[in-house]
Amino acid sequence: MAEIAVVFHSGYGHTQRLAQAVAEGAGARLIAIDAAGDVPAAGWETLAGASAIIFGSPTYMAGPSWQFKKFAEASSKPWFSQAWKNKLFAGFTNSSSIQGDKQVTLDYLFHLAMQHGGLWVGPGMMPANSKAATRNDVNWIGSFSGAMAQSPSDASAAEMFAGDLQTCKQFGQRVAEIAARIGRI
Ligand SMILES: Cc1cc2nc3c(=O)[nH]c(=O)nc-3n(C[C@H](O)[C@H](O)[C@H](O)COP(=O)(O)O)c2cc1C
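Right, let's walk through the structure included here. Sequence positions are assigned chain by chain, starting from 1 and proceeding in written order. Predicted model: local features are reported for residues with pLDDT of at least 70 only, side-chain atom pairs are reported and counted for 80 or more only, and whole-chain, interface and lining totals are derived from all residues. Side-chain metrics rest on all non-hydrogen atoms present in the structure, leaving aside hydrogens and water.

1. Quick word on the site of the ligand
Then, in step 1: For each residue, the test is whether any non-hydrogen atom lies within 4 Å of the molecule or strand; if one does, the residue is near. The full set close to the ligand counts 17 residues, and Ser10, His14, Thr15, Tyr60 and Asn94 are the nearest of them.
Then, in step 2: The definition of a polar contact used here is a pair of N or O atoms within 3.5 Å, where within protein one atom must be able to donate a hydrogen and the other to accept one, and adjacent residues in sequence count solely through side-chain atom pairs. Take Ser10: an N or O atom from its side chain is 2.6 Å from an oxygen atom of the ligand.
Then, in step 3: A distance of 2.8 Å is found between an oxygen atom of the ligand and a backbone nitrogen or oxygen belonging to Thr59.
Then, in step 4: Accessible areas in this description were obtained via Shrake-Rupley with a 1.4 Å probe; residue shielding takes into account the shown protein chains only. Isolated, the ligand exposes 640 Å² of accessible area, and the fraction of that covered by the protein chains is 77%.
Then, in step 5: Here a helix means four or more residues in a row that DSSP labels H or I, a strand means two or more in a row labelled E, and each is numbered from the N terminus. Residue assignment for the shell around the ligand shows that the elements contributing at least two residues are helix 1 (14-26) and strand 4 (88-95).
Then, in step 6: The residue inventory of the shell around the ligand, partitioned by class, reads five nonpolar, 12 polar and no charged. The nonpolar class holds Ala, Val, Leu, Ile, Met, Phe, Trp, Tyr, Cys and Pro. Asp, Glu, Lys and Arg form the charged class, and all remaining residues, Gly among them, are polar.

Structural data, given as structure tokens:
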């Protein structure tokens, strides 16, 4: 089975819940970027051996958190030797506003994957945008380039929308399916 890693930062626990849902769907290992923006050595080893890497970051001030950015800059080390070339990549984010500039964060994650010579996997999910759609439908936000979630500014991580968690779980499943189909390149 392809090894999949979910590497994420979460300041207040919301993105962590999403990461757990993605990892559950993908059968992936979780690697937390800590409050100082660091990843333990074992995490870097897991990333080196993974055939798919899924990035997760909250959207802070129209982009990834500085801790995620520190991890991204630290990934210049494997970048120099293109050690992550041809791995699969995917990404997810969360913010308080429904829009909230989440696309900017996903775009950053995509470009990071492209710098590493990776192959990007989108959610491959239809949006729930009909009159009959409800907030807890899968892909209610309607994102095509990565998984998006929204948690109101006064909602704890325990209060996240079940539909957003399900979106992330199915997103993880999709990455695992593509990884199984393509295999290690
Ligand atoms: C410093 C900071 C900046 C933020 N910037 C945005 C933003 O640009 N757009 C938005 O919709 N929410 C923004 N938020 C809200 C967070 O995205 C939201 O609280 C999210 O759930 C935090 O995820 P976390 O618990 O994983 O840290 C910001 C929060 C913080 C703390």
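2. So, the pattern of salt bridges
Then, in step 1: Counted as salt bridges are all cases of a side-chain nitrogen of Lys or Arg within 4 Å of a carboxyl oxygen of Asp or Glu. Within this structure, the stated rule accounts for five salt bridges.
Then, in step 2: Lys70 is the partner of Asp38 in a salt bridge, and the nearest nitrogen-oxygen pair spans 3.1 Å. Highlighted residues: Asp38 in the loop between strand 2 (29-33) and helix 2 (41-49) and Lys70 in helix 3 (residues 66-74), separated in sequence by 32 residues.
Then, in step 3: Here the term buried applies to any residue with accessible area under 20% of the maximum for its type, exposed to any over 50%, and partly exposed to those in between, with areas from a 1.4 Å probe on protein chains only. Classification of Lys70 by relative accessible area gives partly exposed; the value is 37%.
Then, in step 4: With its nearest N and O atoms 2.8 Å apart, the salt bridge here joins Lys69 to Glu73. With Lys69 and Glu73 both in helix 3 and four residues apart, this pair spans about one turn of that helix.
Then, in step 5: Since its relative accessible area comes to 31%, Lys69 is described here as partly exposed.

3. Re the nonpolar core
Then, in step 1: Residue types Ala, Val, Leu, Ile, Met, Phe, Trp, Tyr and Cys, when buried and joined through side-chain atoms within 4.5 Å, form a set referred to as a nonpolar core. Ranked by internal contacts, the top residues of the largest apolar core, which has 27 residues, are Ile4, Val6, Leu18, Ile54, Phe92, Phe171 and Val175.
Then, in step 2: Contributing elements (two or more residues each) for this core: strand 1 (4-9), helix 1, strand 3 (52-58), strand 4, strand 6 (147-150) and helix 6 (162-182).
Then, in step 3: If you tally residues by element for this core, the top one is helix 6, at seven residues.
Then, in step 4: By size, the runner-up hydrophobic cluster in this structure holds 20 residues, among which are Ile33, Val39, Ala50 and Phe89.

4. Things to note about the pairing of strand 3
Then, in step 1: With respect to burial, strand 3 is a largely interior element, seven of its seven residues being buried.
Then, in step 2: Where strand 1 meets strand 3, five bridges bridge the pair, whose relative direction is parallel. Note on strand 3: the bridge partner recorded for Phe8 is Gly56. Note on pairing: two strands pair once DSSP finds at least 2 bridges between them.

5. Points about helix 3
Then, in step 1: Every buried residue belonging to helix 3 is among Gln67, Phe68, Phe71 and Ala72, and all of these are buried. On an axial view of helix 3, the arc spanned by its buried residues comes to 145°, and they lie on one face. Exposed and oriented more than 90 degrees from the buried face of helix 3 are Trp66 and Glu73.
Then, in step 2: Working rule for contacts: check all heavy atoms of both residues, and any pair within 4.5 Å makes them a contact. In this structure, the buried side of helix 3 is in contact with strand 1, strand 2, helix 2, strand 3, helix 4 (76-80) and helix 5 (102-115). The directions from the helix axis to the C-beta atoms are what the arc is built from.

6. Overview of the packing of aromatic side chains
Then, in step 1: Planes of paired rings set the category: under 30 degrees apart is stacked, over 60 is edge-to-face and the rest tilted, where pairs are Phe, Tyr or Trp rings (Trp by its six-membered ring) whose centres lie within 6.5 Å. For the coordinates displayed, the defined rule picks out nine aromatic pairs.
Then, in step 2: Geometrically, the ring pair formed by Phe55 and Phe68 is edge-to-face, given 5.6 Å between the ring centres and 80° between the ring planes. Taken together, the residues Phe55 in strand 3 and Phe68 in helix 3 connect sequence positions 13 residues apart.
Then, in step 3: Through a chain of ring-to-ring contacts, three or more aromatic side chains come together here, namely Trp44, Phe55, Phe68, Phe71, Trp84 and Phe89.
Then, in step 4: Over a ring means this: the NZ of a Lys or the CZ of an Arg is within 6 Å of the ring centre and within 35 degrees of the ring normal. Seen from the ring of Phe161, Arg135 lies directly overhead, with NZ or CZ sitting 3.8 Å from the centre.

7. Regarding the packing of helix 1 against helix 6
Then, in step 1: One can describe the packing of helix 1 onto helix 6 by two numbers: an axis separation of 6 Å at closest approach and a directional angle of 40°. Taken as axis vectors, helix 1 and helix 6 run oblique relative to one another. For the element pair helix 1 and helix 6, the recorded crossing hand is right-handed. Of the residues in helix 6, those in contact with Arg17, Leu18, Ala21, Val22, Glu24, Gly25 and Ala26 of helix 1 are Asp164, Leu165, Cys168, Lys169, Gly172, Gln173 and Ala176.
Then, in step 2: Taken together, the residues that form the contact of helix 1 with helix 6 break down as seven nonpolar, three polar and four charged. Helix axes are fitted to C-alpha atoms over the stretch in contact, other axes to C-alpha atoms as well, and angles between N-to-C directions run from 0 to 180 degrees. With respect to orientation, any angle under 35 degrees is reported as roughly parallel, any angle over 145 as roughly antiparallel, any angle of 65 to 115 as roughly perpendicular, and every other angle as oblique. In this scheme the handedness of a crossing depends on how the near helix is turned from the far one: anticlockwise by less than a right angle means left-handed, clockwise means right-handed.

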